[in-house]
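Summary of structural features
The lines below spell out each chain.
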Amino acid sequence: MSTPPGPHARLTGGLLLWFGVLGGAVAWAVHLLAAWGLDELACAAGSERVSAVPLVQAVGLAVVIPALVTVGSLLVAALVWRRTMRAQRAGAQDRAFGRSRMLAVVGVWANLLFLTIIVLSGIAVLVLPPCQR
Amino acid sequence: MSTTTTPSPGASREDLARLAEHWGERPSLRAWFATVDHKRIGRRYLVTAGFFFVLAGLNALVMRTQLARPEAGVVSPQEYNQLFSMHGIAMIFLFATPMLFGFGNFLVPLMIGSRDMAFPRLNAFGYWVFLFAGLFMWASLPFGAAPNNGWFAYVPLSGEQNNPGLHMDVYALGLLFLGISTTAAAINFIVTALKLRAPGMSLNRVPLFVWAIVATAFMVIFALPALNLDNAMLFLDRRFGTHFFDPAAGGNVLLWQHLFWIFGHPDVYIIVMPALGIVSAVLPAFTRRGVVGYPLIVLSIVAIAIISFGVWVHHMFATGLPQLSYSFFSAASTVITIPSGLQIFAWLATMLLGRLVIRVPLLFVIGFVVTFVLGGFTGVMFALTAFDQQVTDSYFVVAHFHYVLIGGAVFPMLAGIYYWLPKITGRMYHERLGRWAFWLVFAGMHVTFFPMHLYGLFGMPRRVYTYRSEPGWAGWNLVSTVGSYLLAVGLLLVLVGVVHAVRRGRPAPADPWDGDSLEWSTASPPEPHNFPVLPRVHSLHPMWDERTAESVGPGATSDRILSEGRHTLFTSELDAHPERAVQMPEPTLKPLVLAAALLLFFTSMLFAWYPVAAVAALTVAATIAVWLWPPRPLEQDLKVVP
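Here's the deal with the overall build of chain B
Of the regular secondary structure elements, chain B holds 20 helices and 2 strands. Its C-alpha radius of gyration of 25 Å places chain B within 12% of the 26 Å reference for a compact globule of 642 residues. Within chain B, the fraction of its 642 residues that count as buried is 55%. Restricting the contact set of chain B to residue pairs at least 6 apart, pairs at least 24 apart contribute 81%.

Things to note about helix α18 (residues 590-606) of chain B
Residue and element names in this part refer to chain B. Look at α18: 24 Å from first C-alpha to last across 17 residues, which is about the 24 Å you get at 1.5 Å a residue. Inspection of α18 places P591, L594, A595, L598, F601, F602, M605 and L606 among the buried residues, and these make up the whole buried set. Taken around the axis of α18, the buried residues stretch over an arc of 135°, which confines them to a single face. Of the surrounding secondary structure, the elements contacted by the buried residues of α18 are α5 (120-138), α6 (167-195) and α19 (610-628). Remark: A608 follows α18 within two positions and exhibits a positive phi of approximately 60°.

Brief notes about the pairing of strand β1 (residues 567-571) of chain B
All names here are of chain B. For β1, the buried fraction is high: 4 of the 5 residues fall into the buried class. In the sheet, β1 pairs with strand β2 (residues 578-583) via 5 bridges, with the strands oriented antiparallel. Its bridge partner lying in β2, H567 is registered against Q583. Counted between consecutive antiparallel strands, the loop separating β1 from β2 contains 6 residues, among which A576 sits at a positive phi close to 55°.

Remarks on the interface of chain A and chain B
With 30 residues of chain A at the contact, the number on the chain B side is 26 residues. Within the residue set of the side of chain A that touches chain B, elements represented by two or more residues are α2 (14-44) and α4 (95-127) of chain A. Tallying contributions element by element places α4 of chain A first for the side of chain A that touches chain B, with 17 residues. The class makeup of the residues in the side of chain A that touches chain B is 20 nonpolar, 5 polar and 5 charged.

Topic: the confidence of the model for chain B
Residues and elements named next belong to chain B. Looking at chain B, pLDDT values average 93 and 97% of them are 70 or higher. Here residues 1-5 is modelled with pLDDT under 50, and outside its nearest four sequence neighbours on either side it reaches 15 contacts, counting other chains as well. Scoring the predicted complex yields pTM 0.93 and, for the interface, ipTM 0.90.

Concerning unusual backbone geometry
Residues and elements named next belong to chain B. Residue P156 is bonded to the preceding V155 through a cis peptide linkage, with omega at 5°. With respect to the element layout, P156 can be found in the loop between α5 and α6. The phi dihedral of R463 falls on the positive side, at around 65°, and the residue is not glycine. In this fold, R463 is placed in the loop between α15 (431-457) and α16 (474-504).

The rules behind the values
Residues numbered from 1 in each chain as written. Chains lettered and ligands numbered in written order. Predicted model: local features only at pLDDT ≥ 70, side-chain atom pairs only at ≥ 80, totals over all residues. Helix = DSSP H or I, 4+ residues; strand = E, 2+ residues; numbered from the N terminus. Rg over C-alpha atoms; globule rule 2.2 N^0.38 Å. Buried ≥ 20, exposed ≤ 12 C-beta atoms within 10 Å, placed from the backbone. Contact = placed C-beta atoms within 7 Å. Expected span 1.5 Å × (residues − 1). Arc of directions from axis to C-beta. Pairing = 2+ DSSP bridges. Nonpolar A, V, L, I, M, F, W, Y, C, P; charged D, E, K, R; others polar. pLDDT = per-residue confidence, 0-100.

Here's what the structure looks like:
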């Protein structure tokens, strides 16, 4: 029986935990709306540019930036998972650690799924001309 | 395994008498209309949705009779259009979601150790709106004014110019009306699951069925506004001459499809998700172990709920959008199969590692796995744009979604009906009758829908009221029709089994299955207050856990008995730490009055009786004001104010 290690306690709640759980989901949603919206609207207007930026590069940014955010979210989720596991091994009794650990597992796998979707979309950006119908 | 097979003795006789006084309802006509008890409302959802299911099923039988042979004349083309439209609308909106919400209403408070839903009056209101909206839509059919444009009502065919009459007004107004009920229920589920869980039920101890219902509720909150907006614009276009979907005036027909499918594809999961939750709830009792990979199933539920919002364009692969746009949605449509498959493998592993107890609920779960996986296979095929474009609008699509929806929703519902019938009615069902029902439903389903893959690939388009004999579709269509009658006999046996159980079934014990979740700690059927003592939860399987059982035994403290009034306990969202006792509302007629006023409003709008609609709108506003008016403080409350 021991008290929860102090430095780990903040990982059982708060914004950092939720970034690890849902960061990839939010990044993917932004990627989808931005990439699809840019492609759809630019092509409907008969242009392959967004202001001065070529459409492919604009859509590419809408892939790369969310992908990086998702990687960050994945790392945070993995960190929470490791630390809560250590805390539980050290004998922490607070059930918040068990709950945080489960959320961290959900976060790790969810971020991998969202990263996969973004990467697959990125491959399509490399392969397909933006306005081909 | 089970340590608690009868309701807990932790409350004294005086406490039980007080609980019965505060929560009980004396039988009367007024009490019947005014009830806010989640169990009665849940049962009403189940019965009403079942009734609409029977009506929609009869529609299907007429359609299959018409299609049994080429160029038959059982119904006219106009009647056929209304039949297939009402069949789809009723199955999706009036049966599947309300039936699963009925399970949720009955079970969520019992599973999380609460005495009611968070908003009992809103719950009653949601039911009355559902009932009235369903009757509003079904009443149009005998008058030949039912929706006739399919369940997704594409413009411009659903516009006033191409589709005069009340048909699509019934559709738009009916779904707007129904949406009020669905939204109210979703809000109620979310708050209930977040705030009313028994002490100790942290997020990692929440039953998978509750996770599924909450995820579904969030999906409803985010998806339904798109459908409501679509229908509001359709009604405005048709009735008041706006041009949202009129390209000649700057509108856009694809706007309808985008908004519809932003709702429509999540809706597939809105239907299937709670049903998958039922599977996760049923399996432990019949495999004698917990479901394998609890965190991964939670992941699957959360991931599906989110990704389902990014796949809608795969319903529009034939609309001529840029290929790159398709690819974003194609990627999501492909990846969403991973969490779905994860659940299937988790259930298979559970069955493999557990000790199977072959009873009717488990048979339906096994039937679900077989059928849903086959539907999933064809679903993956649609994620490939090139294949999708070949089979769009053919019977292949009809086969696919019936495998998904009957396999993924109806089979689990039937498993749930047999599993929880003892808890809901207090009576056991007839096992042999149930087995006959299973085999007939299983065989009937596959004989009906498997041939549709074939004649879909042979080129038969969907939504045709008849066909010529030359293409060679006649034989397969006859097989489908024979199968549909077989399926109907199986479903009739389910109904017979339920009626038999209610009238002649032997009394059910509190826990006939040695189940693992908290509903099995209550009496069968549960008392109005559900739990004499609110349990303290110590594990994911509270009924298989000694400490949870002890928490409702002698020595339970008054903060979990709460017999001084109509009270239940608020707990914290993440870890279910007790916060405070809350007063729950008494039975009231206000929800019924408000729903009736809304019915009057929507009926008046349908028939363009605008002065009556204005009066109805004022009645709605007045009823809401009375409902929300702060109650006068009781005298004893005034005395404690410093």
